[in-house]
Amino acid sequence: MRALVCRDAGAALAVEEIVLPELGPRDVRVRIRAAGVCHSDLSMVNGTLKAAYPLVLGHEAAGVVTAAGPEANVAVGAHVVLNWAPPCRTCWFCTHGQPWLCETAGVATTPRGSTADGGPLHVTLGLGALAEEVVVGDHAVIAVPDELPFATAALLGCAVLTGVGAVLRTAALRAGESALVIGLGGVGLSTVMAARAAGADPVIAVDVSDAKRELALAAGATHFLVSGDELSGQVRGLTERRGADHSFECVGRSATIRAAWRATRRGGQVTVVGMGAKDDMVSLAALDVFHSARTLRSSVYGNSDPDRDVPDLARQVLAGDLDPAALITDRVTLDEAAAAFARMARGEGARTVVLLP
Ligand SMILES: [Zn+2]
Ligand SMILES: [Zn+2]
């Protein structure tokens, strides 16, 4: 079976034959039907995040269970969304209501299967989902209704869960509050969509590229701004001179975290959704931290419990209350996925989804 493999940090990506492991008693084999090209994979491709290679990319996907071990809790034929941070349900965080901080979940790379010549192979975030098939534990899949289109289902597993969770669970945004969203990739646009659905007004979307304007407005932004030195003043101009009640930083850089901080009102909330680098320091004045009375915090996987929240998101999509298909700008084959990574690195488009037969 074939998969998109990164041979080393900075190396060109290629589709390769790989060998999946035998099915364990609690494992399932999933035929992937749709997989998103997400920014955190890019961090492993370009070496920003430490990873083991050769590495099968992909962690945002949906497909059909084609085989299940004797103790697996999922039926063959079930349509499933893959979960890149399956909680163990036994650690301190899992038993204290914060399964998104599970001690064992969300490991960047895991050894699994082998290359065609029998060499070691690793998979991204326990999945390696930019592939024709995966073998994963049954706790890493979540059953969803068969009517849900695979491309939409795939996005529920990362971009949408993250964006919706940041707005509703981490920030607990209420209708009528103002929201600023900086960085309009798949997660940023999901955050815009969720803020608008929650009744935020205005919803101010910001990106470095004016090319994101139409996407932002389609996702529900009431205003679009190109980021620059004037951002804080522009946001104040749209919020009765106060600044935004909520800002969401969906880039993962100190400069944009500071921009979000400055554009937020006194007593407002800054939620960092983007994953940044370990040597990129955020500097804030001690007086400003006190005087501004702002809250700065992060949102990991949308403070979500995927087993509970993915089926809930699926219901909202089928009811017509949420339309993640608006985030998809490109639908490609597995052989075209490497080019999609290059487009994402250049900041073009929103979500590319790889469709498999
Ligand atoms: Zn992702
Ligand atoms: Zn746990």
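Residues numbered from 1 in each chain as written. Chains lettered and ligands numbered in written order. Predicted model: local features only at pLDDT ≥ 70, side-chain atom pairs only at ≥ 80, totals over all residues. Heavy atoms only, no water.

**A few points about the sheet that holds strand β7 (residues 109-115)**
Pairing is mixed around the closed barrel formed by five strands, whose spatial order is β1-β2-β7-β8-β4. In this structure, strand β2 (residues 13-19) lies alongside β7, joined through two bridges in antiparallel fashion. Bridging from a neighbouring strand, Ile 18 pairs with Thr 115 of β7. (Pairing = 2+ DSSP bridges. Helix = DSSP H or I, 4+ residues; strand = E, 2+ residues; numbered from the N terminus.)

**Side note on the coordination of the zinc ion (ligand 2)**
With distances of 2.3 to 2.4 Å, the protein atoms coordinating the zinc ion (ligand 2) are Cys 88 (SG), Cys 91 (SG), Cys 94 (SG) and Cys 102 (SG). Angles of 103 to 117° at the metal separate the four donor atoms of the zinc ion (ligand 2), which places the site in the tetrahedral class. (Donors = N, O, S within 2.8 Å, 3.2 Å for Na, K, Ca; no water. Tetrahedral: all angles 85-135°; square planar, octahedral: opposite > 155°, others 65-115°.)

**Quick word on the nonpolar core**
Residues Val 30, Leu 57, Leu 82, Val 160, Phe 248 and Phe 341 are the most contacted members of the largest nonpolar core, which totals 94 residues. A per-element tally of this core places helix α2 (residues 150-170) first, with 13 residues. If you look at the next biggest cluster of nonpolar residues, it comprises 13 residues, including Ile 182, Leu 231, Trp 261 and Val 270. (Core = buried A, V, L, I, M, F, W, Y, C linked by side-chain atoms within 4.5 Å. Buried < 20%, exposed > 50% of the residue type's maximum accessible area, 1.4 Å probe, protein only.)

**What to know about the packing of α2 against helix α3 (residues 186-197)**
Two numbers describe how α2 lies on α3: the axes approach to 8 Å, and their chain directions differ by 45°. The orientation of α2 with respect to α3, classified from their angle, is oblique. At the point where α2 passes α3, the crossing takes the right-handed sense. Contacts from Ala 159, Val 160, Thr 162, Gly 163, Val 164 and Val 167 in α2 reach Gly 186, Val 187, Ser 190, Thr 191, Met 193, Ala 194 and Ala 195 in α3. Here the contact of α2 with α3 is built from residues that sort into eight nonpolar, five polar and no charged. (Axes fitted to C-alpha atoms, helices over the stretch in contact; angles between N-to-C directions. Parallel < 35°, antiparallel > 145°, perpendicular 65-115°, else oblique. Left-handed = near helix turned anticlockwise from the far one by under 90°. Contact = heavy atoms within 4.5 Å. Nonpolar A, V, L, I, M, F, W, Y, C, P; charged D, E, K, R; others polar.)

**What about the layout of surface pockets?**
When its volume is computed, the second largest pocket comes out at roughly 270 Å³. As for the second largest pocket, its lining consists of 20 residues, and the residues nearest its centre are Pro 86, Arg 112, Leu 125, Gly 126 and His 139. In terms of residue class, the lining of the second largest pocket is made up of 11 nonpolar, seven polar and two charged. (1 Å grid on protein atoms, 1.4 Å probe; cavity = no way out; pocket = protein on both sides within 12 Å on 5 of 7 lines; lining within 4 Å. Points joined across faces, edges and corners; volume = space filled by probe spheres on them.)

**Let's talk about the coordination of the zinc ion (ligand 1)**
Only Cys 38 (SG), His 59 (NE2) and Cys 158 (SG) from the protein reach the zinc ion (ligand 1) as donors, at distances of 2.0 to 2.2 Å. The sequence pattern formed by the donor residues of the zinc ion (ligand 1) is C-x20-H-x98-C. Of this pair, His 59 sits in the loop between β4 (55-56) and β5 (61-68) while Cys 158 is found in helix α2, placing the two residues 99 residues apart along the sequence. Overall, the relative accessible area of 1% leaves His 59 in the buried class. According to the relative accessible area criterion, Cys 158 is buried, its value standing at 4%.

**Some details on the sheet that holds strand β15 (residues 264-272)**
Ordered by their spatial adjacency, six strands build an open sheet running β13-β12-β11-β14-β15-β16, and the pairing between neighbours is parallel. In this open sheet, the two strands that pair with only one neighbour each are β13 (223-226) and β16 (295-298). Taken over all neighbouring pairs, the strand axes of this sheet differ in orientation by 20° on average, direction set aside. The pairing of strand β11 (residues 179-182) with strand β14 (residues 244-249) spans four bridges and is parallel. Across the sheet, the residue bridging to Val 181 is Phe 248, located in β14.

**A closer look at the pattern of salt bridges**
Applying the stated criterion to the full structure yields 18 salt bridges. A salt bridge links Glu 132 to Arg 2; its shortest N-O distance comes to 3.8 Å. One end of the pair, Glu 132, is in the loop between β8 (120-124) and β9 (133-137); the other, Arg 2, is in strand β1 (residues 2-6), with 130 residues separating them in the sequence. Here Arg 315 and Asp 312 are joined by a salt bridge, their closest N and O atoms 3.9 Å apart. (Salt bridge = Lys/Arg side-chain N within 4 Å of Asp/Glu carboxyl O.)

**Looking at the pairing of strand β6 (residues 79-82)**
Side chains of β6 alternate between two faces, with His 79 and Val 81 and Val 80 and Leu 82 buried alike. Note: β5 against β6, three bridges, orientation antiparallel. When the bridges of β6 are listed, Val 64 appears paired with His 79. When β6 meets strand β10 (residues 141-143), the two strands line up antiparallel, connected through three bridges. Bridging across to β10, Leu 82 finds its partner in Val 141.

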